[in-house]
Each structure stands twice: as C-alpha cells, then as structure tokens.
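Here are the chains, one letter per residue:
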Amino acid sequence: MEQLKLNNGQTIPQLGLGVFKVQDAADLKRSVAAALKEGYRHFDTAAIYHNEAWLGKALAESDVKREDLYITSKVWNSNRTYDETIAAFHESLKKLQTDYLDLYLIHWPSEGYNEKWRAMEDLYNDGLIKSIGISNFEKPHLEKLLTTAKVKPAVNQIETHPYFQQKELNKYLRSLDIAHEAWGPLGQGKSNVLDDPTLVKIAEAHNKSVAQVILRWHLQREIIVIPKSVHAERIAQNINVFDFTLTDEEMSLIAAIDKNQRGSGDPNDEEFLKNSMSRD
C-alpha cells in the first residue's frame, strides 16, 4: 500500500474502504473482513452514516492491531459549538471502540465551522486525533477557516471523479500543502463515467477494469481514494491498482473528459447546509 505524507508528518494509506450508505450490519462486517484480507487498513466512516458502531465491532473482532489501522470519522453539521463537537467526537470514539482517531474531519462547511475547528485543535493537541481535516470545503470556506485556525488542516475530502476533477481546488490545496482526498471517486454510479469511451479504451490497453483505471488516475494525481463496495470481488479489484501505471498521454486524455459535473451535495448550497444542521 502506498502512503502519502501529510503536512503534520503523519502518513495516510492512499487507498481505503469507504462505508457511506452501508446500512446493514452484516454487509459491513463482510465488507470489512474482505477488505482486511486483501490488505486494506484505511477505513472511512462518519457520524451521519450511522454505522460507526458496526465498523468498530468489525475491526475489534479482527486480528489486526489498532496501530496498523487507519480510521477516519467526521463530525456532522448538527454539532455547531465547541462543546457539541467535543461530545460528538467522544461518542464516535466509543462507537468505534478506540481511544484515538487517525483522522477527524468537519463534514461540511456549515455554520460554526471555525468554532468546531477550535475544538478539534484541542483534541489534536491532546493526542486524541493524529490528524485533523475538513470535507467539502471550497476555497472561500478554507480561507475563512484559516483566519482563526492555529493548526492547518491536513486533508480536504471532496467529491472528485473523472467528470468532476476539481482541478482548480486541487491546485489551491497543493499550494497550501493540504492533501486532496476523493469521495465518490468512481462517480457513485450517477454519471455513467464507468462507460466513458476514453476510459474503456485505456482499460482495455492495460487489461484492467474502468474502475481500476479511475482509481489509478486518482493515485497518480497524489489523491487519497476511499471507494465504497460491499462486494468482495470489487473490494479485491479496487486495491489491485498498484501493478500498472498510466502514461502521461493517458493522464492527459482523462483530463480532457472533465465535465465539471457534480454528482451530489453542493457546499455552496446554503439551503442544504442550513437544513442539514437540524438533523442527525
């Protein structure tokens, strides 16, 4: 597994398993078992996914040591204040059956994120979190956060796939030495990106699937990826992307199919952000 070094000196496995929308305990247990067997050590969840406890149980029952795992969770928008953020973090720790997190993220740039960040900085300084970061933040949100932040975010997890490549935001994050992490790296099945003719042709040239080509493309952009699957064969396929390399020409061909097509959840949608703050 390739590792990326973060701006605070910590490292993160560049490929992990996401568990968004896994709403069945048995499915999650099987997925985690399959992932661990294939060599996954990085697992990404969130309070709003309502499956932290299942993930914690599945990992605790495995024979993999905690120090060999990389666990990420996120604080939801309904937790607005310093105290609420601290409480939410400890609730996540309890559900995940661990005494620290490797990465903790602000899930969306909803109202109060500067205060949430202050709480996360204290948790980080207390050694309860190895790295802290953000999710779904665009340049204006990040600029506002940095006006009060004492610790620079290590990661920004944002929607990224070949039809929504986030080129400008990627460039901005690089300028700040903030790692770019992709959610929905395969397009979440909403954009037909897996049927794109350019990607199909490249996949055939490498005797790989289109999904594997997309994941390889992310990796070569130095992006962290957390594809979600509950199917053992796809979980195995998704990690089998370290044995080939896309050429510069192929990377350019993929860059050219960008449609700037967001699949879901716009961080600039104020109504969405406001409504999300009232639900858990």
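Up top you'll find the structure we're talking about.
Source: prediction; values computed, not measured. Along each chain, residues carry numbers from 1 onward, in the same order as the chain's sequence is written. With the structure being a predicted model, the display of local features is reserved for residues of pLDDT at least 70 and the display and counting of side-chain atom pairs for 80 or more, all residues being used for whole-chain, interface and lining totals. Each side-chain value is worked out from all heavy atoms of the structure, with water and hydrogens disregarded.

S.K.: Teacher, can you tell me more about the overall build of the protein here?
M.R.: Each helix and strand counted, the protein has eleven helices and ten strands in total. As defined in this context, the radius of gyration uses C-alpha atoms, and a globule is described by 2.2 Å times the residue total to the power 0.38. Compactness check: the protein gives a C-alpha radius of gyration of 18 Å against a globular reference of 19 Å for 280 residues, within 12% of the reference. Across its three principal axes, the protein shows a C-alpha extent of roughly 55 × 45 × 35 Å. The buried share among the 280 residues of the protein stands at 54%. Contacts: residue pairs with any heavy atoms within 4.5 Å of one another. Across the protein, the fraction of contacts at a sequence separation of at least 24, relative to all contacts at a separation of at least 6, is 74%. Here the Shrake-Rupley method, with its probe set to 1.4 Å, supplies the accessible areas, and only the displayed protein chains count as covering residues. When the accessible surface of the protein is summed, it comes to about 12600 Å², and 46% of that surface belongs to carbon and sulfur atoms. Secondary structure follows DSSP: runs of H or I at least 4 residues long count as helices, runs of E at least 2 residues long count as strands, and numbering of each begins at the N terminus. Only protein chains enter the accessibility calculation, which uses a 1.4 Å probe; a residue is then buried when its area is under 20% of its type maximum, exposed when over 50%, and partly exposed in between.

S.K.: Teacher, can you tell me more about the environment of T81 here?
M.R.: Inspection of the secondary structure assignment puts T81 in the loop between β5 (70-75) and α3 (82-96). Counting of polar contacts relies on pairs of N or O atoms within 3.5 Å, with two restrictions inside protein: one atom must be capable of donating a hydrogen and the other of accepting it, and residues adjacent in sequence are counted only when both atoms are side-chain atoms. A polar side-chain atom of T81 sits 3.1 Å from the main-chain amide nitrogen of E84.

S.K.: Where do I start with the pattern of salt bridges in this structure?
M.R.: When a carboxyl oxygen of Asp or Glu lies within 4 Å of a side-chain nitrogen of Lys or Arg, that pair is called a salt bridge. Tallied over the full model, the rule gives eleven salt bridges. The partner of R262 in a salt bridge is D266, with the nearest N and O atoms 3.9 Å apart. Under the relative-accessibility criterion, D266 is labelled partly exposed at 30%. A cluster of three or more residues bridged by salt bridges with shared partners is formed by K29, K57 and E61.

S.K.: Can you help me understand the packing of aromatic side chains in this one?
M.R.: Aromatic ring pairs are reported here in terms of the distance separating the ring centres and the angle at which the planes meet. Each Phe, Tyr or Trp ring (for Trp, its six-membered ring) is paired with any other whose centre lies within 6.5 Å, and the angle between the two planes then decides the class: stacked below 30 degrees, edge-to-face above 60, tilted in between. With the rule as written, the count across this model stands at four aromatic pairs. On the numbers, 5.1 Å between centres and 70° between planes, the contact of F89 with Y104 is edge-to-face. Here Y104 lies in strand β6 (residues 101-106) and F89 lies in helix α3, a separation of 15 residues in the sequence. Since its relative accessible area comes to 0%, F89 is described here as buried. The class of Y104 is buried, set by a relative accessible area of 0%. Ring geometry for W108 against F272: centres 5.0 Å apart, planes inclined by 75°, an arrangement best described as edge-to-face. Highlighted residues: W108 in the loop between β6 and α4 (113-125) and F272 in helix α11 (residues 270-276), separated in sequence by 164 residues. By relative accessible area, which is 7% here, W108 ends up buried. Above the ring of Y100, the side-chain terminus of K130 is found at 5.1 Å from the ring centroid. Criterion for a charge above a ring: Lys NZ or Arg CZ within 6 Å of the ring centre, and within 35 degrees of the ring normal.

S.K.: Looking at this structure, I do not really get helix α1 (residues 25-38). What am I missing?
M.R.: The periodicity of an α-helix, 3.6 residues per turn, causes residues three or four places apart in sequence to face the same way. What a helix is expected to span follows from its residue count: subtract one and scale by 1.5 Å. With 14 residues, α1 extends 20 Å from end C-alpha to end C-alpha; this agrees with the ideal 20 Å at 1.5 Å per step. Buried within α1 are the following residues: L28, S31, V32, A34, A35 and L36. If you follow the buried residues of α1, they end up packed against β3 (17-18), β4 (42-44), α2 (52-60) and α9 (232-239). The distance from a side-chain oxygen at the start of α1 to the backbone nitrogen of A26 is 3.0 Å, and the residue carrying that oxygen is D24. At the exit of α1 stands G39, carrying a positive phi of roughly 110°.

S.K.: How should I be thinking about the sheet that holds strand β7 (residues 129-135) in this particular structure?
M.R.: Remark on secondary structure: sheet strands pair via backbone hydrogen bonds, oriented parallel or antiparallel. A sheet is described by the order of its strands in space; here eight strands give the open sequence β3-β4-β5-β6-β7-β8-β9-β10, paired in parallel fashion. For this open sheet the edge positions go to β3 and β10 (224-225), each flanked by a neighbour on one side alone. For two strands to count as paired, DSSP must find a minimum of two bridges between them.

S.K.: Even after reading the chapter, I still don't get the packing of α4 against helix α5 (residues 139-146), so can you show me in this structure?
M.R.: Between two packed helices, the angle of one axis relative to the other and the distance separating the axes together describe the packing. Between N-to-C directions, angles cover 0 to 180 degrees, with each direction set by a line fitted to C-alpha atoms, over the stretch in contact for helices. The geometry of α4 relative to α5 is characterised by a closest axis approach of 9 Å and an angle of 55° between their N-to-C directions. If you check the angle between α4 and α5, you find them oblique. For the crossing formed where α4 meets α5, the hand is right-handed. Contact residues: Y113, N114 and W117 in α4; P140, H141, K144 and L145 in α5. Angular relationships are summarised with four words: roughly parallel below 35 degrees, roughly antiparallel beyond 145, roughly perpendicular across 65 to 115, and oblique for the angles in between. Handedness of a crossing is defined here by the sense of rotation of the near helix relative to the far one, left-handed for an anticlockwise turn of less than a right angle and right-handed for a clockwise turn.

S.K.: What is the right way to look at unusual backbone geometry in this model?
M.R.: Trans is the prevailing form of peptide bonds, just as negative phi is the prevailing case for residues other than glycine. A positive phi is found at Q166, a non-glycine position, where the angle reads about 55°. If you trace the backbone, Q166 turns up in the loop between β8 (155-159) and α6 (167-176). Positioned with a positive phi, N207 is a non-glycine residue whose angle comes to about 55°. Residue position: N207 is located in the loop between α7 (197-206) and α8 (210-220). Under the relative-accessibility criterion, N207 is labelled exposed at 71%.

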